[in-house]
Amino acid sequence: MDPLEGEASSAPIEYEPVSVKDVLVEMKDTAELLIDLSYSAVLHRSEPLATEVLRLEERMNVLELRARMSLLMAARKPADAEQLAPVLGIVGAADAISDAAGDIAKIVLEDMGLPEAMRAALPDAAEALLRGVVAADSPYAGRTLEDIDLESETGVRVIALRRGSDWLLNPGPTTRVEADDVALLRGPDAAIGGVCETMTGEVYEAPIAETPDIDDLERAVDTIIHMKDFSELAVDLAYSSVLFDSEELAEEVRNLEVEVDAMQSRFEAWTLRAAADAPDPVSLRGLIQLGNCTERISDAAIEISEGVLRDIDVHPVVQVAVQESDEIITRVEVTEGSDLDGTDVTAGVPDAESTMSVIAIRRPDEGWLLVADADAELRGGDVLISKGTRTAAAAFRELASA
């Protein structure tokens, strides 16, 4: 049965004046959350999370239609059409990401075939993602996230709230948690169960980790996590390339897409080899779909940045969004002999006079390194993808230069 059966998923949508900028920002946030939720649903074999993916996918469909209506109303002359065409590409790419995430969720909901012991093969450092409904008598109900102070006390974060059919993405300190909210929690295994019990009033039963019955399943799951992280990074860089009209970032999206394609090919080859020895080869069918969906997400990232790669001017609606954001993503190449050459990076933080956070490193001879996965030492020739304020980014570029 369709988990959303009975809901008004095909309700008519009429044109109404909306801010294209706001819709684009919400589509970006929704796309990023969809990727996170869908992979978590597969890795943890969670039907509740998979169902939330389909709800969020339906929300994305509404946003896509509203964005297209507004963009059609905005095109009044050929010059408008030229500038708006890449924005339509961004809208279509966000919808493609949404569809791919929905197909990933259906691997779980349609019991398409997954190894029973996937959770057991998760790396110890991997955080859990849970869904819970806030109980009326929960000590969290009616309080702001700042007041609850979950993250500093437990390490658990509320990454999104659903209130009826409305989504609160990227909740901040002033966001109030209400009774009956559906909360999406992310955090360490040791703490997330207790937080979920306090929030829902229900006893949390940790999933039983079964012994893998397929050789090298741990490496396969590790590959899945990397594919997810690389796809998320590609989407993040693609949006940033548009927001900041950066051809350098758009080129890095291409580099990431090539890496994801190679990982998907290796993952598919592993799946086919594993099928020969698996007790039930059909149980691996979902893994093949997972690899294909990941490739679709990275392809969508290329589509988002296509206007930048073709040197089409950024539309003013995007420029407005940039002006309201002080946090940016930058690409910096470390020059040999610079202040960053030989600098240690721990959990994304470089040992330098900078507040920039390093997300990823691309080494010409070694490929990509996600610094969240491991500490690193910066070398001359490294290409750094970093996040921080505009002021910090300018100073970071100076540190990277000889």
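Residues numbered from 1 in each chain as written. Predicted model: local features only at pLDDT ≥ 70, side-chain atom pairs only at ≥ 80, totals over all residues. Heavy atoms only, no water.

Within an unreviewed UniProt entry, the label attached to the protein reads Potassium channel protein, and the organism entered is Natrinema longum.

(A) Molecular detail of the environment of glutamate 333. In this structure, glutamate 333 sits in strand S7 (residues 327-333). For the pair glutamate 333 and glycine 380, spaced 47 residues apart in sequence, the C-alpha separation works out to 7.9 Å. Aside from chain neighbours lying at most four places away, what touches glutamate 333 is Gly381, Asp382, Val383 and Ala400. (Helix = DSSP H or I, 4+ residues; strand = E, 2+ residues; numbered from the N terminus. Contact = heavy atoms within 4.5 Å.)

(B) View of the pattern of salt bridges. The final tally for this structure, using the stated rule, is 23 salt bridges. The salt bridge partner of glutamate 52 is arginine 55, with a shortest N-O separation of 3.8 Å. Here the residue glutamate 52 and the residue arginine 55 both occupy positions in helix H2 (residues 47-74), the gap between them amounting to 3 residues, near one helical turn. What makes glutamate 52 buried here is its relative accessible area of 1%. Among the charged side chains, a network of salt bridges with common partners joins Asp36, Arg186, Lys228, Asp229 and Glu232. (Salt bridge = Lys/Arg side-chain N within 4 Å of Asp/Glu carboxyl O. Buried < 20%, exposed > 50% of the residue type's maximum accessible area, 1.4 Å probe, protein only.)

(C) Molecular detail of the sheet that holds strand S12 (residues 376-377). With antiparallel pairing, the 3 strands of this open sheet are ordered in space as S9-S8-S12. For this open sheet the edge positions go to strand S9 (349-350) and S12, each flanked by a neighbour on one side alone. Summarising the sheet, strand S8 (residues 344-346) and S12 pair through 2 bridges and their orientation is antiparallel. In the strand pairing of S12, valine 345 is matched with alanine 376. (Pairing = 2+ DSSP bridges.)

(D) Molecular detail of the side chain of serine 246. Along the chain, the position of serine 246 falls in the loop between helix H7 (217-243) and helix H8 (247-277). The residues touching serine 246, leaving out its near neighbours within four places in the chain, are Ser241 and Val308.

(E) Examining the packing of helix H1 (residues 20-43) against helix H3 (residues 78-109) more closely. Look at H1 against H3: their axes get within 9 Å of each other, and the N-to-C directions meet at 20°. With respect to H3, the element H1 is oriented roughly parallel. H1 and H3 meet at a crossing whose hand is left-handed. Contacts from Leu24, Met27, Ala31, Leu34, Ile35, Ser38, Tyr39, Ala41 and Val42 in H1 reach Val87, Ile90, Val91, Ala94, Ile97, Ser98, Ala101, Ile104, Ala105, Ile107 and Val108 in H3. Of the residues in the contact of H1 with H3, the class split is 18 nonpolar, 2 polar and no charged. (Axes fitted to C-alpha atoms, helices over the stretch in contact; angles between N-to-C directions. Parallel < 35°, antiparallel > 145°, perpendicular 65-115°, else oblique. Left-handed = near helix turned anticlockwise from the far one by under 90°. Nonpolar A, V, L, I, M, F, W, Y, C, P; charged D, E, K, R; others polar.)

(F) Region of interest: the packing of aromatic side chains. As enumerated under the stated definition, the model contains 1 aromatic pair in all. Pairing phenylalanine 267 with tryptophan 270 gives two aromatic rings, centres 6.3 Å apart and planes at 15°, and the pair type is stacked. In this pair, phenylalanine 267 and tryptophan 270 are both assigned in helix H8, 3 residues apart and thus about one turn of the helix distant. By relative accessible area, tryptophan 270 is classed as buried at 8%. (Phe/Tyr/Trp six-rings, centres within 6.5 Å; stacked < 30°, edge-to-face > 60°.)

(G) Representation of the pairing of strand S6 (residues 182-187) in the model. Of all 6 residues in S6, 6 are buried; the element is thus mostly enclosed. Both faces of S6 are covered, namely the face carrying Val182, Leu184 and Arg186 and the face carrying Ala183, Leu185 and Gly187. Summarising the sheet, strand S1 (residues 128-133) and S6 pair through 6 bridges and their orientation is antiparallel. For alanine 128, the partnering residue across the bridge sits in S6 and is glycine 187.

(H) Seen up close, the pairing of strand S13 (residues 383-389). The buried fraction of S13 amounts to 5 of the 7 residues, a majority that puts the element mostly inside the structure. Strand direction decides the pairing type here: strand S10 (residues 357-363) and S13, joined by 5 bridges, are antiparallel. Bridged to arginine 362 within S13 is valine 383.

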